[in-house]
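In case you want the letters, here they are:
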Amino acid sequence: MAALLLVATSCKEDYLNINNNPNQATSATPELVLPGALASSASYIQTRFPFLNLWMGYWNWSGNYSIGTSDKNYQFTNAFGAGIWDNGYLILKNYNYIDTQGAALNQPVVQAMAKIMKAFHFQILVDTYGNVPYTEALSGVSTASPKYDDQVAIYEDLFKQIDAALALFDQADKLSEQGGTVLNPGTNDIMFHGDLDEWRRFANTLKLRMLLRQSEKPERQAFIQSQLTVLKASPYGFLEARENAAVNPGYTNSANRQNPFYGNFGSTVTGTPTELNNQYKANKYAIDFYQQTNDPRLGRFYFPVGGTGTNFNATFFGTIAPLVNSQVSAIGPALIAAPDQDAVILSSHEALFLQAEAAQRGWITGNAKTLYQQAITESFLNVGLTAAQAATYYSQAINNVGWDASPNKLQAIITQKWASLNGFSPFEAWSDYRRLGYPNVPISQDPSTTIRQIPIRLLYPQSEYNYNQTNVNAQGTVSQFTTKIFWEK
């Protein structure tokens with residue numbers, strides 16, 4: 001455990017974050033590095049994308065704080081969101097250490113877990129930046145100036161890496177059946193606790209997510225169909241009801257050991273609201289949606305004004321004169337339940353919405369309506385409500401709520417998926433918005449928003465222009481408004 005050093009992967013240091021200089025020698029075995037890597041992944045997902053909660057209609061800035069012009073009109077620089085790149089690659093370095101050491105020590109289980117998580121993080125980088133360093137990024141060769149790989153080629157190779165991981169799980173099963181000794185990280189696997197079938201379902205869910213990203217591109221249909229053939233042949237399926245991919249290394253209410261989302265956007269160890277809790281408040285777009293659809297999740301995603309009662313209030317993102325803290329709803333109890341709450345990497349409700357969309361497209365077997373309603377139910381359960389409340393909700397004859405009342409089934413699926421991802425995963429909501437345009441979230445209302453469009457990507461960080469200039473310049477002039485990720489319309 002001496003190798004599990006702290007690294008700032010969010011707005012503060014987090015429990016079990018690991019070596020922020022993977023080039024510095026350590027002697028930790030891969031199963032001991034794994035929990036720190038998984039904790040870092042959770043912190044990354046939960047704390048690196050607060051600006052997307054603004055863009056996607058979930059949050060707004062409090063009237064007690066001044067928001068930077070670049071944050072409210074989308075005219076940001078190469079410094080914007082740089083931690084998504086920098087920390088993404090630091091986390092990948094540690095998974096690569098687990099992968100290579102797992103291979104060297106003949107530990108196929110932990111090696112497979114690392115391969116799956118590498119695919120998870122590389123997908124995020126591609127979905128954010130397009131072409132990125134891949135083949136040379138983690139190899140130790142030319143790492144001072146790694147070349148950029150084509151984003152389509154990276155995506156296709158990620159499927160191969162996941163398949164390699166699944167083959168390693170099969171190898172471990174066979175070895176165990178033959179009486180051999182197989183190291184299972186067990187409790188050091190702080191996500192699925194050594195349950196390889198859950199890892200397999202998680203891997204398949206990641207594949208389905210990547211295939212759906214490409215759904216609107218005709219030139220990708222042959223690849224999609226070839227991969228669906230592999231997916232449908234898998235006996236393991238996808239993440240199911242009550243199967244959240246979530247970690248908990250032992251979060252507790254003490255310094256640097258709180259759940260990362262809670263510690264950043266909830267309360268300090270003394271119980272006082274953090275500065276970010278005071279800074280980020282509700283967005284009127286989301287509150288209006290939940291109120292107009294009679295959605296009890298409203299009181300789980302936001303606190304009412306004053307903390308009690310039924311008065312929810314907010315302003316739209318970029319409004320000139322936003323309400324002060326005492327007049328606006330704050331981030332709600334489902335998101336900041338307790339300092340020891342699990343940190344979600346991929347929720348069960350997202351997994352079911354992915355399956356509902358795939359079924360609606362005819363990609364997988366299963367009833368799209370049933371999966372849609374199961375996904376809504378999971379969302380309700382995951383925020384502390386009941387299945388009965390979910391059934392009452394989705395039985396309403398309201399467009400984009402009731403299945404039979406929704407003429408555009410795909411729009412209903414994505415709208416409800418958006419409604420469920422509030423705070424949990426704004427990155428996925430942004431990705432669906434870029435892919436399909438659902439829901440039609442309003443752009444910033446700030447008068448300085450001259451380009452009236454939510455960005456479709458981020459810019460390469462300044463660190464790349466400082467240290468990898470030749471390779472990043474070869475990507476040409478990049479615009480957050482016009483330089484598309486390959487799967488975008």
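Residues numbered from 1 in each chain as written. Predicted model: local features only at pLDDT ≥ 70, side-chain atom pairs only at ≥ 80, totals over all residues. Heavy atoms only, no water.

1. Observations concerning the overall build of the protein
Alright, step 1. Per the secondary structure count, the protein includes 19 helices and six strands.
Alright, step 2. At 22 Å, the protein has a C-alpha radius of gyration in line with the 23 Å of a compact globule built from 489 residues.
Alright, step 3. Taken over the C-alpha atoms alone, the protein extends approximately 60 × 50 × 50 Å along its principal axes.
Alright, step 4. Counting the 489 residues in the protein, one finds 60% classified as buried.
Alright, step 5. Across the protein, the fraction of contacts at a sequence separation of at least 24, relative to all contacts at a separation of at least 6, is 73%.
Alright, step 6. Carbon together with sulfur atoms contributes 49% to the accessible area of the protein, which is approximately 17,900 Å² in total. (Helix = DSSP H or I, 4+ residues; strand = E, 2+ residues; numbered from the N terminus. Rg over C-alpha atoms; globule rule 2.2 N^0.38 Å. Buried < 20%, exposed > 50% of the residue type's maximum accessible area, 1.4 Å probe, protein only. Contact = heavy atoms within 4.5 Å. Areas by Shrake-Rupley, 256 points an atom, 1.4 Å probe, with all protein chains shown as cover.)

2. Concerning the packing of aromatic side chains
Alright, step 1. Enumeration according to the criterion identifies 41 aromatic pairs in this entry.
Alright, step 2. Between Tyr155 and Phe486, the aromatic rings sit 5.0 Å apart at their centres with planes inclined by 80°, giving edge-to-face as the arrangement. Residue Tyr155 is found in helix H6 (residues 151–177), and its partner Phe486 is found in the segment after helix H19 (469–473); the two are separated by 331 residues along the sequence. Assigned by exposure class, Tyr155 and Phe486 land together as buried.
Alright, step 3. Look at Phe261 and Phe265: their rings are 4.9 Å apart centre to centre, the planes differ by 45°, and that puts the pair in the tilted class. Of the two residues, Phe261 and Phe265 are both situated in helix H9 (residues 260–265); the distance of four residues between them amounts to about one turn of the helix. Phe265 matches Phe261 in its accessibility class, with the two residues each being buried.
Alright, step 4. Each member of the aromatic cluster is reached from another via a ring pair, and the members are Tyr44, Phe49, Phe51, Trp55, Tyr74, Phe76, Phe80, Phe317, Phe427 and Trp430.
Alright, step 5. For the cation-ring pair, Arg361 lies above Trp363, with the distance from its terminal atom to the ring centre recorded as 5.8 Å.
Alright, step 6. Positioned above the aromatic ring of Phe427 is the side chain of Arg434, whose terminal nitrogen or guanidinium carbon lies 5.9 Å from the ring centre. (Phe/Tyr/Trp six-rings, centres within 6.5 Å; stacked < 30°, edge-to-face > 60°. Lys NZ or Arg CZ within 6 Å of the ring centre and 35° of its normal.)

3. A few points about the nonpolar core
Alright, step 1. Membership of the largest hydrophobic core comes to 153 residues, with the highest contact counts inside it found for Trp55, Met56, Met191, Trp199, Phe202, Tyr302 and Trp418.
Alright, step 2. Looking at this core, the element that brings in the most residues is helix H5 (residues 108–129), giving 14 residues.
Alright, step 3. In this structure, Trp199 is in contact with Leu38, Met113, Ile116, Met117, Phe169, Asp189, Met191 and Phe192, ignoring residues within four places of it in sequence. (Core = buried A, V, L, I, M, F, W, Y, C linked by side-chain atoms within 4.5 Å.)

4. Observations regarding the pattern of salt bridges
Alright, step 1. For the structure shown, the criterion picks out 23 salt bridges.
Alright, step 2. Notably, a salt bridge pairs Lys115 with Asp99, separated by 3.3 Å at the nearest N-O pair. Linking Lys115 in helix H5 with Asp99 in helix H4 (residues 82–104), this pair joins segments that are 16 residues apart in sequence. Judged on exposure class, the residue Lys115 and its partner Asp99 are both buried.
Alright, step 3. Measuring nitrogen to oxygen at the nearest pair gives 2.9 Å for the salt bridge that ties Lys118 to Asp99. One end of the pair, Lys118, is in helix H5; the other, Asp99, is in helix H4, with 19 residues separating them in the sequence. The same class applies to Lys118 as to Asp99, namely buried.
Alright, step 4. Here the residues in one salt-bridge network are Glu216, Glu357, Arg361, Lys417, Asp432 and Arg435, joined through shared partners. (Salt bridge = Lys/Arg side-chain N within 4 Å of Asp/Glu carboxyl O.)

Everything listed here is a matter of geometry and, on its own, says nothing about what the molecule does.
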